[in-house]
Amino acid sequence: MTSSASKSMTKEEVTQYVGMFKRKRDEVIGADSGDFDHHLNRFVNELDTNPLVKDIIGTLPLFDAAAWWHKIDEHAERVRRFERLDFPPNVNDELVAQLFLLRRFARNDSDQIRVFDFGCAFGHFNVKDAIEFTRSVVIRPFCQEMTERLRTAARMVSPELRELVGVPVSRIPEDGKTKLFLSHKTTNKDLVHRCFKLLKTLGFDPWMDDDAMTAGDKTERAILDGMDRSCAAIFFLTKEFRDDGFLEAEIDYAVVQARKKGERFKIIPLVFDRDTPIPRLLERFTWKPVDGELEAMHEVIRALPIQLGPPIWRESVADSAPEPIK
Amino acid sequence: MGDAPTLDESDDVQRYSLNLPIDSDHCFRMQCSDCGMEFKTQVDPSQLIDSLAPSVGRDWSPKAENPHEPTSRFCVYCGKRQTFAELRTDETSSYLRQIAYREIAAPMINAFMDQLAATFSGSRSRYISFKMTRSADHFHLPPRPIIGPECDDMYPVRSLCCNVTFKVALPWSFPIHCVECGVELQLR
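Values in this document were obtained by computation on a predicted structure and should not be read as measured data. (Residues numbered from 1 in each chain as written. Chains lettered and ligands numbered in written order. Predicted model: local features only at pLDDT ≥ 70, side-chain atom pairs only at ≥ 80, totals over all residues. Heavy atoms only, no water.)

### Concerning the interface of chain B and chain A
For step 1, the next point in the chain: Taken together, the 34 residues of chain B in the interface contact 33 residues of chain A.
For step 2, the next point in the chain: Of the roughly 3000 Å² buried between chain B and chain A, counting both surfaces, carbon and sulfur atoms make up 59%.
For step 3, the next point in the chain: A per-residue breakdown of the area chain B buries against chain A is headed by B:I146, B:P149 and B:R188, which together make up 25% of the total.
For step 4, the next point in the chain: For the salt bridge of A:E163 with B:R158, the shortest nitrogen-to-oxygen distance reads 3.1 Å.
For step 5, the next point in the chain: Across the chain B-chain A interface, the total number found is 14 residue pairs in polar contact (both at pLDDT 80 or more).
For step 6, the next point in the chain: Elements with a minimum of two residues in the side of chain B that touches chain A: β9 (155-159) and β12 (184-187) of chain B.
For step 7, the next point in the chain: In terms of residue count, β9(B) provides more of the side of chain B that touches chain A than any other element does, five residues in total. (Contact = heavy atoms within 4.5 Å. Buried area = accessible area lost by both parts, 1.4 Å probe. Salt bridge = Lys/Arg side-chain N within 4 Å of Asp/Glu carboxyl O. Polar contact = N/O pair within 3.5 Å; in protein donor to acceptor, adjacent residues only side chain to side chain. Helix = DSSP H or I, 4+ residues; strand = E, 2+ residues; numbered from the N terminus.)

### Observations regarding the environment of A:I278
Residue and element names in this part refer to chain A.
For step 1, the next point in the chain: With respect to the element layout, I278 can be found in the loop between β5 (266-271) and β6 (288-289).
For step 2, the next point in the chain: The exposure class assigned to I278 is buried, which follows from its relative accessible area of 16%.
For step 3, the next point in the chain: Between the C-alpha atoms of I278 and F241, which are 37 residues apart in sequence, the distance is 9.3 Å.
For step 4, the next point in the chain: Contacts of I278, omitting those with residues within four sequence positions, involve L237, V271, E283 and W287. (Buried < 20%, exposed > 50% of the residue type's maximum accessible area, 1.4 Å probe, protein only.)

### A few points about the pattern of salt bridges
Any two side chains of opposite charge can pair, on the condition that their charged atoms come close.
All names here are of chain B.
For step 1, the next point in the chain: Taken as a whole and assessed by the stated rule, the structure comprises 31 salt bridges over all chains.
For step 2, the next point in the chain: Linking R29 and E150 is a salt bridge whose minimum nitrogen-to-oxygen distance equals 2.6 Å. Of this pair, R29 sits in strand β3 (residues 27-31) while E150 sits in the loop between β8 (129-130) and β9, and the two are 121 residues apart along the sequence. Of the two residues examined, R29 and E150, each falls in the buried class.
For step 3, the next point in the chain: Measuring nitrogen to oxygen at the nearest pair gives 3.8 Å for the salt bridge that ties K80 to D34. In this pair, K80 is assigned in the loop between β5 (72-74) and β6 (81-83) and D34 in the loop between β3 and β4 (38-42), connecting sequence segments 46 residues apart.

### Observations regarding the sheet that holds β9(B)
For step 1, the next point in the chain: Judged by pairing direction, the sheet is mixed, and its seven strands sit side by side in the order β3(B)-β4(B)-β10(B)-β9(B)-β1(A)-β12(B)-β11(B) without closing on themselves. At either end of the open sheet lies a strand with only one pairing partner, and these are β3 and β11 (176-177) of chain B.
For step 2, the next point in the chain: As paired strands, strand β1 (residues 164-168) of chain A and β12(B) are joined by three bridges and run antiparallel to one another. By the bridge assignment for β12(B), A:V167 is matched with B:Q186. (Pairing = 2+ DSSP bridges.)

### Considerations on the packing of helix α5 (residues 65-79) of chain A against helix α6 (residues 91-106) of chain A
Residue and element names in this part refer to chain A.
For step 1, the next point in the chain: Interhelical geometry of α5 versus α6 gives an angle of 75 degrees and a closest axis separation of 9 Å. Taken together, the axes of α5 and α6 are roughly perpendicular relative to one another. Contacts between α5 and α6 involve A65, A66, W68 and W69 from the former and V96, A97, F100, L101 and R104 from the latter. (Axes fitted to C-alpha atoms, helices over the stretch in contact; angles between N-to-C directions. Parallel < 35°, antiparallel > 145°, perpendicular 65-115°, else oblique.)

Next comes the structure, spelled out in C-alpha cells:
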C-alpha cells in the first residue's frame, strides 16, 4: 500500500529513491565483517530518510515490536539462551519486527543490541558467524520484502506513458513535399473547396490552382513547381471536366511526377458522374466512381501515399484535465 | 535465486532457476557495451541464458531448457549490434557473478579444501608426518544477493519497421535505432 504522498511523486523521483535504497541495500548485504557496522548504519539511516521507503513503512499496521522482542528476551533469560527467532506470522508484523531489530542494531546508546551479542545469543560465537546469522535471519528477509514492496509502490505511482512511434527515417518525407494537388474545373469550385477544407482540417496540406497562385502566377511553371512539392494529384472528374487547356497540362505534369516518384506520388481520379469520359492519360490509373463528397474523401484518404500521426489532445483540452473523483 | 540447486543423478546436471527483474511491461534492462547507454527490450526468458555463459565459465556453460539460436540486439542509441551477453548491465553482471560464485564456485572450493584436509589428515611416512587442519573459520558462503526492483523509468517506443516495442531514456534528441533490425528511426 502507498499513501497519497507517494502518488504525487514524479517518475524521476521514484526512480531516484528506488536507486538510493538499492545501493544501501546491496552495500549491507555484501559488506564483510570489517565494514558491516558502517553499512548497517547507513542502511538504517536510508530507511528513515528515503521518502518512498518511509511511505511504505508508514502504511504498515501498528504492531508492538518492543513487546514482541521483550517476550523473546524474557524467555531467553529463563532458558539461558535464545533457541530460535520466531517472527510474528503476519508478514506486515514480521516486517515491523525486523525493522525494530535493525534500528536497535544501529543504535549507539544503552538500548543498542550489538550484532555480535545477538549472534552469540543464538549460538554463533564468532564475529563473522554472528554477522552472517544476523544477515540471514533479519537483514536479507527484510530487504527482500522491502524490495517487493518498492516494486509495487513504484509501479503504482508511475503514470501510464503513451507509446511513442519510431518511424524509419526512410519513411519520413521531406518537409514541404507532401502537398495534395486538387485539379478541377472552375465551375466545380464549391465542391472542391468543401473537400479542400476537410482535407486541411484533417491535417493534410491540399492546394488548388486558384488559391495557391497569385494573379499572373497561373503559369505552367507554377503548376510544375506545385506538382513537384506534391505527393498526390486528385482529379475531380465531373461532367464539366475537360481534358484541355490547364487541365490538360495538369494531367501531363501529374503523369510525369508519377513516373519520376513511383509509389510516392499518387494520381487519384474521382469520377462524380458515371457518364464523364475519363481523360486518356488517366485511364491507366485506378479511378473510382464516387457517390458524393464523403465517399470521395474516403477514397482519397485510402489512396494517398502518406498517413497522419497518432491522436493528441488539443492544447485547450490538455490544459483542462479533469479532477480525479475523490 | 529461485529454487535451490538440485543435482540430477541421471545426467550429472545441476539445474538452477534464476529471477531477473523486469518492469511492468515485461521489459528487461540492457546496457550497450560501446556507448554505455541503457535501454529496455522485451525478451524471452530462454534468450537470457546466452548472457549467463561469461559469468559462469566455459566449463559450466549454461544450457536453456529449450535451446535456440544465440540472439542479438541493436543498441537503440548507437546502433551497434551486440549479443545479449554484451548487453548486460553492470548490475546484472555483478548479480550473476555473485550467484555463480555462491552457488557453484564457493561450494566447490569448500569441497576441495575438505578433501585436501581429509587427504593429509594424519598422513605419515617413515620420515615425514603431515597434517592439515582447517580453522573453525570455514570458508563462508557469501550472502545471497538481491536484484531489483526494476522501475518504469523509460519511455515505450514502437518501431514501425518491425512492430516491436522497446524503451528509451528520454530526453534524447538524436535519431534512435530499432532494436530488432537496427534501422534509423525518428520519434513521433
